[in-house]
Amino acid sequence: MIVAKLAALSVLAVYPHDHPDIASSECLAQHYLGTYGSQSVFVPPESCIDVSTLTQDAPVVDIHPDIQLVWLEQAALEQHLLINAPTFSAESIQGHLSALPNAIHESPVTRDQQAFSHHAAASVLHTTATSALIALDAQHALHLSLVLPPTWRIYVLPTQPVPLFPVPEPAVARVRDILASLKFNPDVAKAVSNISLAQIRNDIRFLTGEDGVSGIVSRHSFSAGARTAAEWLKLRFEETGATCELRSFLLGFAPNVICRYPATENTTATVLVSAHYDSRGSFGSTRAPGGDDDGSGTTGLLSIARTIKRTGLTFRSNVELVAFAGEEQGLFGSNHYAKELREQNKNLTLMVQADMTAYHEPGEPPQLGLPERIGTPEVTDLVAKLAALYSPELVVGFTAACCSDHQSFHAQGFPATQVFERAGPIIDPMYHNSGDLSERIGYDFEQLRSIAKVQFATVLHTAGFDLP
């Protein structure tokens with residue numbers, strides 16, 4: 001479907017992600033803006049596609065440097081959490097967007113930032129029952145989480161089209177080789193079982209502010225609390241022997257926390273596991289503890305680092321542990337880092353993102369959800385098999401909850417997947433809510449630990465290791 005005409009005889013085209021034209025058209029593949037939910041977005045020249053599919057009265061949109069395209073998607077929640085969810089009508093979206101300038105001016109997390117332009121009103125280019133594509137001022141796009149319903153996911157599109165870059169066959173073959181030789185390793189079992197549940201409890205309470213000591217009220221990407229968390233995470237990772245840096249990527253955002261353990265062998269191969277440490281709270285509230293989203297994944301990442309120190313193990317390949325910021329505003333931190341690694345032609349064996357790993361409905365078993373759409377199937381299969389070996393208490397299945405920072409790496413042609421707390425839709429009633437604390441019914445530290453064990457086992461089997 002063509003949803004808008006752009007300047008310079010181009011069009012804005014939205015296709016189902018499995019549409020046959022995508023695989024058969026080299027022209028389309030060179031003008032890719034990403035896949036969001038079940039839809040792929042392109043900006044090809046009109047000569048590239050069948051213009052007879054032009055939507056009636058498609059608007060003309062002049063995409064210049066100050067305009068940003070953003071995809072909005074209803075998060076995959078259980079139906080009872082969507083009873084009062086707003087619709088994706090153009091009128092509804094415009095109503096939310098009209099409040100954006102005032103929200104930016106009045107918000108405590110942005111009032112110290114530079115003045116924002118008011119270049120152009122936002123345009124709603126495309127809507128379905130559960131998604132929308134909008135165009136608005138690029139600076140305003142950074143702050144959509146201040147005014148949009150908390151159940152809406154935000155994905156910022158590239159400012160320029162990029163080639164559709166599938167994961168190269170040699171990279172997939174390398175993961176297949178790991179799968180082919182996979183078997184239970186008692187040393188891996190001992191190492192992952194060393195993850196401390198008590199330490200996980202302490203760490204999450206610091207990040208949420210529940211300890212009464214950290215002073216963190218919010219880890220929103222523009223908040224002081226996010227910077228406190230970043231500095232604290234850097235110090236904690238460095239205590240485990242990692243070399244860390246706080247990597248800035250956009251003005252006003254808290255930095256990515258990038259930590260590395262060097263290879264003991266002469267190789268550029270790298271294994272990356274990650275989470276996002278920024279958070280999002282209730283609409284209109286400055287409180288955003290992010291205990292589950294994604295304090296759980298971040299704490300699991302830190303528990304892996306602490307276990308590396310306790311066991312004294314070393315890695316044969318390079319290992320990176322990364323805590324991203326800007327995820328809630330549109331995968332900003334991971335997009336910047338994934339693009340940087342692609343420009344370096346990084347030898348990345350695989351990447352696994354942990355996002356929301358601690359909650360399940362009371363009465364449900366502990367679970368592990370793997371992405372049913374975006375990600376590398378072979379990496380997903382590897383993670384599922386490792387869960388069966390080292391965390392058999394987890395019920396493993398697929399989830400439509402999508403997408404976290406692994407999408408940034410998948411889009412750059414790196415093998416990637418995600419670990420999530422449920423084999424099904426999101427069921428946490430505190431999703432993007434100021435009540436997202438760790439001390440509540442349904443928050444399961446044991447499940448968090450079990451999923452961290454799987455993520456750690458992925459590192460150990462993929463990177464290779466030696467014990468002292």
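Below, the discussion takes up the sheet that holds strand S11 (residues 256-261). In spatial order, the strands read S10-S11-S14-S12-S15-S18; together these six strands make up an open sheet with mixed pairing. Two strands in the sheet have a free side with no partner beyond their single neighbour: strand S10 (243-247) and strand S18 (416-419). Recorded for the sheet is a direction-independent mean angle of 20 degrees between the axes of neighbouring strands. Against the sheet, helix H10 (residues 295-311) engages S11, strand S12 (270-276), strand S14 (318-324) and strand S15 (348-354), with an angle of about 135 degrees to S12. Most of the contacts of helix H14 (residues 445-463) go to S15, to which it runs at about 175 degrees, and overall it touches S12, S14, S15 and S18.

Right, let's get into the sheet that holds strand S6 (residues 67-74). What the four strands build is an open sheet, ordered S7-S8-S6-S9; its pairing is antiparallel. Each of the sheet's edge strands pairs with one partner strand only, and the pair in question is strand S7 (123-127) and strand S9 (152-156). Going from strand to strand, the sheet's axes swing by 25 degrees on average, the running direction of each strand aside. In terms of strand pairing, S7 meets strand S8 (residues 131-137) through four bridges, oriented antiparallel. Paired with Ser-123 across the strands is Ala-135, a residue of S8. In the packing of helix H3 (residues 90-98) onto the sheet, contacts are made with S6, S7, S8 and S9, and the angle to S7 comes to roughly 145 degrees.

Moving on, we come to the state of the cysteines. For the coordinates displayed, the defined rule picks out two disulfides. A sulfur-sulfur separation of 2.2 Å characterises the disulfide bridge that pairs Cys-244 with Cys-259. Sign of the S-S torsion, about 115 degrees for the bond between Cys-244 and Cys-259, identifies this disulfide as right-handed. A residue pair is termed long-range when its members are at least 10 positions apart, and Cys-244 in strand S10 and Cys-259 in strand S11 qualify at 15 residues. For the pair formed by Cys-244 and Cys-259, the shared burial category is buried. A disulfide bridge connects Cys-402 with Cys-403, and the sulfur atoms are separated by 1.3 Å.

Parameters at a glance
- Residues numbered from 1 in each chain as written.
- Predicted model: local features only at pLDDT ≥ 70, side-chain atom pairs only at ≥ 80, totals over all residues.
- Heavy atoms only, no water.
- Pairing = 2+ DSSP bridges.
- Helix = DSSP H or I, 4+ residues; strand = E, 2+ residues; numbered from the N terminus.
- Axes fitted to C-alpha atoms, helices over the stretch in contact; angles between N-to-C directions.
- Contact = heavy atoms within 4.5 Å.
- Disulfide = S-S within 2.5 Å.
- Buried < 20%, exposed > 50% of the residue type's maximum accessible area, 1.4 Å probe, protein only.

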